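Fold and contact review
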Amino acid sequence: MSIAENYDEVLKGKYPAKAHAKKVAEWIVAKGGDNTGTIYLEAQKSKLLEDNDSEAPFRQRRYFFYLSGCLLPDSYLTYDLSSAKLTLFIPPISPDEVIWSGLPMTIAEAREAYDVDDVKTTENVNSHLASASTSVQSTIFAIPEQVSDDITFLSYKATNFDLLKTAIETCRVTKSDYEIALIRKANAISTIAHVNVMKAAAKAKNEAELEAIFLKSCIERKAKHQAYHSIVAAGENGATLHYVKNDADISAQNLLLLDAGCEVDCYASDITRTFPLSGEFTAESLAIYKIVLDMQKQCIAALKAGVLWDAVHELAHKIAIEGLLALGLLKGAPEAILKARTSVAFFPHGLGHYLGMDTHDTGGNANYKDQDSMYRYLRVRGTLPARSVITVEPGIYFCRFIIEPYLKDPGQAKFIDVEVLERYWSVGGVRIEDNILITEEGYENLTPTPKEIDEVVKIIKSG
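Residues numbered from 1 in each chain as written. Predicted model: local features only at pLDDT ≥ 70, side-chain atom pairs only at ≥ 80, totals over all residues. Heavy atoms only, no water.

Quick look at the overall build of the protein chain
Definition in use: Runs of H or I in DSSP of at least four residues are treated as helices and runs of E of at least two as strands, each being numbered from the N terminus. Here's how the labels work: a residue is buried when its accessible area is under 20% of the maximum for its type, exposed when over 50%, partly exposed in between, all with a 1.4 Å probe on protein chains only. Contact definition: two residues touch when any of their heavy atoms are within 4.5 Å. Accessibility throughout is a Shrake-Rupley quantity obtained with a 1.4 Å probe, and a residue counts as covered only by protein chains that appear here.
When helices and strands are tallied, the protein chain shows 17 helices and 17 strands. Considered along the principal axes of its C-alpha atoms, the protein chain spans approximately 75 × 50 × 50 Å. Looking at the 463 residues of the protein chain, the share that counts as buried comes to 53%. In the protein chain, of all internal contacts separated by at least 6 residues, the share reaching a separation of at least 24 is 73%. For the protein chain, the exposed surface amounts to about 20300 Å²; the carbon and sulfur share of it is 52%.

This is the structure in structure tokens:
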């Protein structure tokens, strides 16, 4: 059985907070940090909406969750490096709150629910930090701007705000079985939602109707939070990379680009499918779809631990150039087109990004100041480690705002056939995105969402 394949079985256990804390502590010590120090983290605070007495939507701080698995607001944690003791502090019972919201989680319940050594209430945080057994005149490791004003580190000889954030961001790149299981579950739920949208597409009157179907499919399966704002783009709206209006009427457009994914216990899925709303491609949209599917399949096949992501991104561009040359959209020698970076006009974004607690997860080492336009928006640079999860999401887009400057540049325009291009504007954009687990031997695709042409068409027509 592959890593965490049976996600329900894996998720019967606890989120591995102590293993994560140990991993982060080892990173800190390896970078010269005090091995007798203490890690300190705070949960997100509960807040009210501005000018309103209603609660604002809550999103747990990912740094805190990584070392706790706890979704409670207004909580704290410490991890003592010398004793490897992880302590969680949860809010005490407030009678006024109980009247409105019911009983909160108790200390006993928290000890049962979370992978920690001890649970206390939040009024004990400062006394715990001041205790000799905790501080030993050592270093406290914390994250800047995430320490409350009433917290004191006076008993520590040093406060280090430099290492902890980077330590957690680096450690998050490689995933435990439990984390992989959460991502797999999010993919499974999101796949049902994608298929339900495909089934409803032919009768839909607007983009918002299809977004609602996606959200309903996730929420009724207890995935109440989306990993990001969905992109539900019909026709030429699909040429906008992060289109978010999702309210245009659907009439004669051929394609729908659906980029949407739920999250499960803070872990994201990120899936894109592009398909014909009526179940029938045009000649132009089918041709572009085949190129993008080929880009994705070849790039996924190239993946394994240690592969240079920059090179896989370049491979995607080479395949795109080959396909666009075959259609007559591009003209000239493929090597010259690649060197001129003309393909960036049609594929302007990076091939993918790390995935985890954030959709665009940490540790990618992007370089948005790169002068090379082909790599500027590549969110991951360098080699991929085993147990990382990365999205593979090539696309080809016909965005006038992006392409028209290339047509005005003689050095670029010579590679583009304007007459052929005219036939493709209505395609909008095609993107296909899966979530890929990197292994020592190769990869595992965590995304079971249909993407083969015959299968997708059959689903659409079944609706």
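So, unusual backbone geometry
We note that Glu-145 has phi near 65°; this positive angle belongs to a residue other than glycine. Within the element layout of this structure, Glu-145 appears in the loop between strand S5 (139-141) and strand S6 (158-160). Here Asn-246, not a glycine, exhibits a phi torsion of approximately 50°, which is positive. Topologically, Asn-246 is positioned in the loop between strand S8 (231-234) and strand S9 (255-260).

Focus: the packing of aromatic side chains
Any pair of aromatic rings gets described here by the distance separating the centres and the angle formed by the planes. For the record, the criterion: Pairing of aromatic side chains requires ring centres within 6.5 Å, counting the rings of Phe and Tyr and the six-membered ring of Trp. Pairs whose planes differ by under 30 degrees are stacked, by over 60 edge-to-face, and all others tilted.
Enumeration over the complete set of coordinates arrives at eight aromatic pairs. Ring geometry for Tyr-40 against Phe-153: centres 5.3 Å apart, planes inclined by 75°, an arrangement best described as edge-to-face. Here Tyr-40 is found in strand S1 (residues 38-42), whereas its partner Phe-153 is found in the loop between S5 and S6, with 113 residues between them in sequence. Across the pair, Phe-153 and Tyr-40 agree in class, each one buried. Ring geometry for Phe-346 against Phe-398: centres 5.9 Å apart, planes inclined by 70°, an arrangement best described as edge-to-face. Linking Phe-346 in the loop between helix H13 (334-340) and strand S13 (389-392) with Phe-398 in the loop between strand S14 (395-397) and helix H14 (400-407), this pair joins segments that are 52 residues apart in sequence. An identical accessibility class is assigned to Phe-346 and Phe-398; each is buried.

A look at the pattern of salt bridges
Just so we agree on the cut-off: By salt bridge we mean one thing: a side-chain nitrogen of Lys or Arg within 4 Å of a carboxyl oxygen of Asp or Glu.
This model, assessed by the stated rule, comprises 27 salt bridges. The closest approach of N and O atoms between Arg-62 and Glu-263, which form a salt bridge, is 3.1 Å. Of this pair, Arg-62 sits in helix H3 (residues 62-66) while Glu-263 sits in strand S10 (residues 262-264); the two residues are 201 residues apart in sequence, bridging distant segments of the chain. Neither residue differs from the other here; Arg-62 and Glu-263 are each classed as buried. A salt bridge links Arg-381 to Asp-370, with the nearest nitrogen and oxygen atoms 3.1 Å apart. Placement of the pair is Arg-381 in the loop between H13 and S13 and Asp-370 in the loop between H13 and S13, with a sequence separation of eleven residues. Salt bridges sharing common partners tie together Arg-59, Arg-172, Lys-175, Asp-358 and Asp-361.

Thoughts on the domain arrangement of the protein chain
How big an interface is tends to be expressed through the accessible area that disappears when the partners come together. Selection rule: Either an automatic procedure or a domain database provided the assignment from which the domain bounds are taken. Summed over both partners, the accessible area lost on bringing two parts together, with a 1.4 Å probe, is the buried area. Pairing of N or O atoms within 3.5 Å defines a polar contact, subject to two protein rules: one partner must be a possible hydrogen donor and the other a possible acceptor, and residues neighboring in sequence count only if both atoms are side-chain atoms. Gly is placed with the polar residues, together with every amino acid not listed as nonpolar (Ala, Val, Leu, Ile, Met, Phe, Trp, Tyr, Cys and Pro) or charged (Asp, Glu, Lys and Arg).
The domain boundaries assigned to the protein chain delineate domain 1 (17-172) and domain 2 (177-462). Every contact between the two is made by eight residues of domain 1 and, on the other side, ten residues of domain 2. Area buried by domain 1 at its contact with domain 2 is led by Arg-62, Phe-65 and Arg-172, which between them contribute 58% of it. At the boundary of domain 1 and domain 2, one finds four salt bridges. Counting across the interface, domain 1 meets domain 2 through seven residue pairs in polar contact (both at pLDDT 80 or more). A total of three residues in the side of domain 1 that touches domain 2 trace back to one element, the largest contributor, which is H3. A per-class count over the side of domain 1 that touches domain 2 returns three nonpolar, one polar and four charged.

Overview of helix H9 (residues 177-200)
What counts is decided by this rule: Given a helix with a known number of residues, its expected span is that number minus one, times 1.5 Å.
Between the first and last C-alpha of H9 there are 35 Å, a value that for 24 residues agrees with the 34 Å anticipated at 1.5 Å per step. Counted residue by residue, H9 has 18 buried out of 24 residues, so it is predominantly covered.

Things to note about the packing of helix H2 (residues 17-30) against helix H8 (residues 164-171)
The cut-off we apply is this: Axis angles are defined between N-to-C directions and span 0 to 180 degrees, where every axis is a line fitted to C-alpha atoms and, for a helix, only to the segment in contact. Note that the term roughly parallel is reserved for angles under 35 degrees, roughly antiparallel for angles over 145, roughly perpendicular for angles of 65 to 115, and oblique for everything else. By convention, the crossing between two helices is left-handed when the near helix turns anticlockwise from the far helix through less than a right angle, and right-handed when the turn is clockwise.
As a packed pair, H2 and H8 sit with axes 9 Å apart at the nearest point and diverge in direction by 125°. As far as their axial angle goes, H8 and H2 are oblique. By crossing handedness, the relation of H2 to H8 is classed as right-handed. Together, Lys-23, Val-24, Trp-27 and Ile-28 of H2 and Leu-164, Thr-166, Ala-167, Ile-168, Thr-170 and Cys-171 of H8 make up the contact between the two elements.

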